[in-house]
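Observations on the model geometry
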Amino acid sequence: MPCSYGVKTQGQRFVYDGNDTIYSVKTAATRYFAKYSISGNAWTSLTAPPADGSSTSSPLIFDGSDSIYLLRGAGQTSFYKYSIVGNSWSSLTAAPVAINAGQSLVWDKGNYFYLPVGNSIGYYRYSISGNSWDLMTGAPNTIGTSENDAWYDGTNLFIKFAATVLKIFTAI
């Protein structure tokens, strides 16, 4: 089963395809994108993302099929889709808010990604099939801005706040 969220480290993002491949992107300073074959124990360079981003704020996510999605970060709204088969990037509808540190992107294992907005009670839902963003009902408390993680369990969207308090709300 594919991972519904990407792993974050300072300056680099990783996402696992659920099979044999880990994808890694770096968008700050030197842009690169690569994949690691677990069984082959080897890295392969791929087409780099189309724009520079940030070392702390570029969420990366896999959709369970052929695509990996990247929000540019660095206070920008650019949103990109990478085709694994085509080894190419395309631009999508921009995020409705600037992407900064602490923001996550989570997939519901269906047609939607969720984007909690730091320093607010808002979060957005992105429709993969419609290439559009919708503002969703506010979170019960203000979402922080310091390396929040988010995940989806099939019914609820969970957000781990910087203060290690877990907030839960239904994301439908």
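Below you will find a few notes about this structure. Source: prediction; values computed, not measured.

Brief notes about the pairing of strand 11 (residues 112–116)
With four of five residues buried, strand 11 is to be regarded as a mostly interior element. Across two bridges, strand 10 (residues 106–107) lies against strand 11 in antiparallel orientation. Bridge pairing links Trp107 to Phe113 in strand 11. Two elements, strand 11 and strand 12 (residues 123–127), share five bridges in a ladder whose sense is antiparallel. Note that in strand 12 the partner of Leu115 across the bridge is Tyr124.

Considering the nonpolar core
In this structure, Leu71, Phe79, Leu105, Phe113, Leu115 and Trp133 are the most contacted members of the largest nonpolar core, which totals 16 residues. For this core, the elements supplying multiple residues, two or more each, are strand 7 (67–71), strand 11 and strand 12. Residues within four places of Leu115 in sequence aside, it is in contact with Leu71, Ala95, Val97, Ile99, Gln103, Ser104, Leu105, Tyr123, Tyr124 and Trp133. Of all hydrophobic cores here, the second largest spans 13 residues; its members include Phe33, Leu60, Ile68 and Tyr82.

Observations regarding the packing of aromatic side chains
When we look at a pair of aromatic rings, we describe it by the centre distance and by the angle of the planes. Tallied over the full model, the rule gives eleven aromatic pairs. For the pair Tyr36 and Trp43, a centre-to-centre distance of 5.1 Å together with 45° between the ring planes defines the contact as tilted. Looking at Tyr36, the relative accessible area reads 18%, which means it is buried. Ring pairing ties together the aromatic residues Tyr69, Phe79, Phe113, Tyr126 and Trp133, which thus form one cluster.

A few points about the sheet that holds strand 11
Strands sit in the order 10-11-12-13 across an open sheet of four strands; the sheet is antiparallel. The two strands at the open ends of the sheet, each matched to only one other strand, are strand 10 and strand 13 (132–135). Relative to strand 13, strand 12 is paired through four bridges, and the arrangement is antiparallel. Counted as the bridge partner of Tyr126 is Trp133 from strand 13.

Some details on unusual backbone geometry
With phi around 50°, Asn87 is a residue other than glycine that occupies positive phi space. Tracing the sequence through the fold places Asn87 in the loop between strand 8 (79–83) and strand 9 (88–91). Its relative accessible area of 29% is what places Asn87 among the partly exposed residues. If you check the backbone angles, Lys109 has positive phi at about 65° while not being a glycine. Turning to its location among the elements, Lys109 is positioned in the loop between strand 10 and strand 11. Lys109 sits in the partly exposed class, given a relative accessible area of 37%.

What to know about the environment of Thr93
Mapped onto the elements of the fold, Thr93 is located in the loop between strand 9 and strand 10. Thr93 sits in the partly exposed class, given a relative accessible area of 32%. Thr93 sits 33 residues away from Tyr126 along the chain, and the two C-alpha atoms are 9.3 Å apart. The residues touching Thr93, leaving out its near neighbours within four places in the chain, are Phe79, Asn131 and Trp133. A distance of 2.7 Å separates the side chain of Thr93 from the backbone oxygen of Asn131, its partner in a polar contact.

Procedures and definitions
- Residues numbered from 1 in each chain as written.
- Predicted model: local features only at pLDDT ≥ 70, side-chain atom pairs only at ≥ 80, totals over all residues.
- Heavy atoms only, no water.
- Buried < 20%, exposed > 50% of the residue type's maximum accessible area, 1.4 Å probe, protein only.
- Helix = DSSP H or I, 4+ residues; strand = E, 2+ residues; numbered from the N terminus.
- Pairing = 2+ DSSP bridges.
- Core = buried A, V, L, I, M, F, W, Y, C linked by side-chain atoms within 4.5 Å.
- Contact = heavy atoms within 4.5 Å.
- Phe/Tyr/Trp six-rings, centres within 6.5 Å; stacked < 30°, edge-to-face > 60°.
- Polar contact = N/O pair within 3.5 Å; in protein donor to acceptor, adjacent residues only side chain to side chain.

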